[in-house]
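# Commentary on secondary and tertiary structure
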Amino acid sequence: MATLRRIERINQLLREEVTKIIDRELEFTEYAMVTITRVITSRDALHANVYFSALGTSPEDALAVLEKNIYHIQQGVNRRLRMRPVPKIRFAPDAEEENRERVEHALAAAKREQEL
């Protein structure tokens with residue numbers, strides 16, 4: 001079992017390294033941008049859920065590209081991190097980000113209605 005502080009450091013390292021790999025080495029559709037929003041590593045540090053948000057493309061399309069390149073991404077992370085074992089990465093769209101956007105749009109709409 002890893003300590004809470006170690007898990008937090010692993011989350012931060014994974015987020016940084018996966019972001020670098022995605023920015024430099026993956027290509028999405030034109031004008032698409034994928035951002036890693038958070039990483040949650042299991043207590044035993046064997047698995048990590050990497051959550052992302054996608055702009056300019058649907059989350060499903062971005063997930064398909066990420067899953068297609070998962071081996072390449074995992075190998076890049078394995079080479080760059082000096083820890084063993086390196087957590088196995090799983091990607092998922094960040095539902096919290098979608099909820100935040102929905103709330104922001106609702107607040108903006110309510111504000112516009114009050115101004116009219």
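Given the structure is predicted, the values throughout are model-derived calculations rather than measurements. Counting restarts for each chain, with residues numbered from 1 along the sequence as it is written. The predicted nature of this model means local features are confined to residues of pLDDT at least 70 and side-chain atom pairs, given and counted, to a pLDDT of 80 or more, with totals for whole chains, interfaces and linings taken over all residues. Water and hydrogen atoms were dropped before computing side-chain values, which therefore reflect all heavy atoms in the structure.

Once that is clear, we can look at helix H3 (residues 70-80). The cut-offs for exposure are 20% and 50% of the maximum accessible area for each residue type, with area from a 1.4 Å probe on protein chains only; residues under the lower value are buried, those over the upper are exposed, and the others partly exposed. Each helix is a run of DSSP H or I of at least 4 residues and each strand a run of E of at least 2, with the numbering of both proceeding from the N terminus. Restricting attention to buried positions, one finds in H3 the residues Ile-73, Gln-74, Gly-76 and Val-77. Along the axis of H3, the buried residues cluster in a sector spanning 160°; they form a single face. Turned more than 90 degrees off the buried face of H3, the exposed positions are Tyr-71 and Arg-79. Here a residue-residue contact requires only that any non-hydrogen atoms of the pair lie within 4.5 Å. Residues of H3 that are buried make contact with helix H1 (4-25), helix H2 (59-68) and strand S3 (88-93). Working note: the arc is built from the helix axis to C-beta atom directions.

On the secondary structure map, Asn-78 appears in helix H3. Residues Asn-78 and Glu-67 lie eleven residues apart in sequence; the distance between their C-alpha atoms is 17 Å. Not counting residues within four places of it along the chain, the set of residues in contact with Asn-78 comprises Arg-84 and Val-86.

A few words now on the nonpolar core. Residues belong to one nonpolar core when they are buried, are Ala, Val, Leu, Ile, Met, Phe, Trp, Tyr or Cys, and are joined through side-chain atoms within 4.5 Å. Counting residues in hydrophobic clusters, the biggest one holds 26 residues, and the most contacted among them are Val-18, Leu-66 and Phe-91. Secondary structure elements with two or more residues in this core: H1, strand S1 (33-41), strand S2 (47-55), H2, H3 and S3. Top element by residues in this core is H1. It accounts for six residues. Those residues in contact with Val-18 that lie beyond four places of it in its chain are Ile-36, Val-50, Ile-73, Val-77, Ile-89 and Phe-91.

With that settled, the discussion passes to the side chain of Ser-53. Relative to the assigned elements, Ser-53 resides in strand S2. For Ser-53, a relative accessible area of 16% translates into the label buried.

Our next topic: the packing of aromatic side chains. Two rings from Phe, Tyr or Trp (for Trp, the six-membered ring) form a pair when their centres are within 6.5 Å of each other. A pair whose planes differ by under 30 degrees is stacked, one over 60 is edge-to-face, and the rest are tilted. Taken as a whole, this structure holds zero aromatic pairs when the rule is applied. Placement of a positive charge over a ring is assigned whenever Lys NZ or Arg CZ falls within 6 Å of the ring centre and within 35 degrees of the normal to the ring plane. Cation over ring: Arg-38 sits above Tyr-51, and NZ or CZ is 4.2 Å from the ring centre.

Time to look at H2. What H2 keeps buried is the set Ala-62, Leu-63 and Leu-66. Summarising the axial view, the buried residues of H2 lie within an arc of 100°, below the 170-degree limit, and thus occupy one face. Turned more than 90 degrees from where H2 packs its buried face, Glu-60 and Lys-68 sit exposed. Residues of H2 that are buried make contact with H1, S1, S2, H3 and S3.

To continue, consider the confidence of the model for the chain. Averaged over every residue, the pLDDT of the chain is 90; the share at 70 or more is 98%. Each residue carries a pLDDT value, the predictor's own confidence for that position, ranging from 0 to 100. Summarising per-element confidence for the chain, the mean pLDDT is lowest in helix H4 (residues 95-115) (83) and highest in S3 (96).

Here we come to the packing of H1 against H3. For the pair H1 and H3, the least separation of the axes is 10 Å and the interaxial angle reads 125°. By the angle class used here, H1 and H3 are oblique. Considering the relative orientation of H1 and H3, their crossing is right-handed. Contacts between H1 and H3 involve Leu-14, Glu-17, Val-18, Lys-20, Ile-21 and Glu-25 from the former and His-72, Ile-73, Gly-76, Val-77 and Arg-80 from the latter. Taken together, the residues of the contact of H1 with H3 break down into five nonpolar, two polar and four charged. In this analysis, axes come from line fits to C-alpha atoms, helices being fitted only over the stretch in contact, and the angle between any two N-to-C directions falls in the range 0 to 180 degrees. Oblique is the label for any angle not under 35 degrees, not over 145, and not in the 65 to 115 range, which are roughly parallel, roughly antiparallel and roughly perpendicular in turn. By the definition used in this description, the sense in which the near helix is turned from the far one sets the handedness, with an anticlockwise turn below a right angle giving left-handed and a clockwise turn giving right-handed. Residue polarity is assigned by list, with Asp, Glu, Lys and Arg as charged and Ala, Val, Leu, Ile, Met, Phe, Trp, Tyr, Cys and Pro as nonpolar; anything else, Gly included, falls into the polar class.

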